[in-house]
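The lines below spell out each chain.
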Amino acid sequence: MERDDYLANVKIRMPEKRYIHTIGVMETAISLAKKYGEDEKSAETAAILHDIAKYADENWMREVVQTKGLDPRLLGWGSEILHGPVGAWIAQHEFNITNEDILNAIRFHTTGRAGMSKLEKIIYIADMIEPNRNFPGVENLRQIANENLELAMESCVSHSITFLVQTKQPIFPASVECFNDIIS
Ligand SMILES: [Fe+2]
Ligand SMILES: [Fe+2]
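What comes next is a walk through the structure. Here the structure is a predicted model, which is why all the values come from computation and not from measurement. (Residues numbered from 1 in each chain as written. Chains lettered and ligands numbered in written order. Predicted model: local features only at pLDDT ≥ 70, side-chain atom pairs only at ≥ 80, totals over all residues. Heavy atoms only, no water.)

Considerations on the coordination of the iron ion (ligand 1)
We apply this condition: Here a donor is any nitrogen, oxygen or sulfur atom (N, O, S) within 2.8 Å of the metal, with 3.2 Å used for Na, K and Ca; water is not among the atoms considered, so some sites may look incomplete. Only DSSP runs of H or I with at least four residues qualify as helices, and only runs of E with at least two residues qualify as strands; both kinds are numbered from the N terminus onward.
D51 (OD), H83 (NE2) and H109 (NE2) make up the full set of protein donors to the iron ion (ligand 1), lying at 2.0 to 2.1 Å. Spacing between the donor residues of the iron ion (ligand 1) along the chain follows D-x31-H-x25-H. The metal-metal distance between the iron ion (ligand 1) and the iron ion (ligand 2) is 3.4 Å, with D51 serving as a donor to both. Residue D51 is located in the loop between helix 3 (40-49) and helix 4 (58-67), and its partner H109 is located in the loop between helix 6 (100-107) and helix 7 (118-129); the two are separated by 58 residues in the primary sequence.

In structure tokens form, the structure reads like this:
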């Protein structure tokens, strides 16, 4: 499948707003890949498919977790977390993506993890800073991403975790592991 096939395929699975977000992530990920020496085509594919499961049925996603050997820790969590790992499963089984790095970039974009690859970081960051995002502090994150990928990753994860703490939301263990890994 090529870029336009992927785009057409994701477009029908999400509302217009999410599709526009997807295009924003794609363009941001390609430019980060260019800047930091990652494969642009991989960044493009991972970005286009990263939210493929965002609007999948939550019960179906739990079923995938249970029956397809996904991380059992996911079972207590909602679609905000589940759509990453389940999206990677869809990318692999419906779109025949075999590149493990692309699959991991999709898989861990909702949580992060310890030991992320460059491509995984690019997708995680691009998802947060793409041009349609407008939360307080995003401009600062964009500036850091323009200068230093590692620092941008640290800032984005810190921002996510801080937000979860401030709004009294639980933090998935892999996100804590991601934070600990980055600051160590
Ligand atoms: Fe997502
Ligand atoms: Fe996203």
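As for the environment of D39
Heads up, the rule is: Note on exposure labels: buried denotes an accessible area under 20% of the residue type's maximum, exposed denotes more than 50%, and partly exposed covers the range between, all computed with a 1.4 Å probe on protein chains only.
Looking at the secondary structure, you find D39 in the loop between helix 2 (16-36) and helix 3. Look at D39 and you get partly exposed, because its relative accessible area is 39%. Distance in space between the C-alpha atoms of D39 and D71 is 28 Å, their sequence separation being 32 residues.

Thoughts on the coordination of the iron ion (ligand 2)
The criterion, for reference: Working rule for geometry: tetrahedral if four donors all subtend angles between 85 and 135 degrees; square planar for four, octahedral for six, if opposite donors exceed 155 degrees and the others stay between 65 and 115; irregular in every other situation.
Taken together, H21 (NE2), H50 (NE2), D51 (OD) and D127 (OD) make up the protein donors of the iron ion (ligand 2), found 2.2 to 2.3 Å from the metal. Classification of the site at the iron ion (ligand 2) as irregular follows from its four donor atoms and the range of 82 to 175 degrees in their angles at the metal. Summarised as a motif, the one-chain spacing of the donors to the iron ion (ligand 2) is H-x28-H-D-x75-D.

Quick notes on the pattern of salt bridges
What counts here: By convention in these notes, a salt bridge is any Lys or Arg side-chain nitrogen within 4 Å of a carboxyl oxygen on Asp or Glu.
Taken as a whole and judged by the stated rule, the model has 15 salt bridges. Residue E58 is joined to R62 by a salt bridge in which the shortest nitrogen-to-oxygen separation is 2.9 Å. Separated by four residues within a single helix, E58 and R62 lie in helix 4, roughly one turn from each other. On the basis of relative accessibility, which here comes to 32%, the residue E58 falls in the partly exposed class. By relative accessible area, R62 is classed as partly exposed at 22%. Between E100 and R107 there is a salt bridge; the shortest N-O distance is 3.1 Å. Overall, E100 belongs to the partly exposed group, its relative accessible area being 43%. Because the salt bridges share partners, they merge into one network encompassing E2, R3, K41 and E44.

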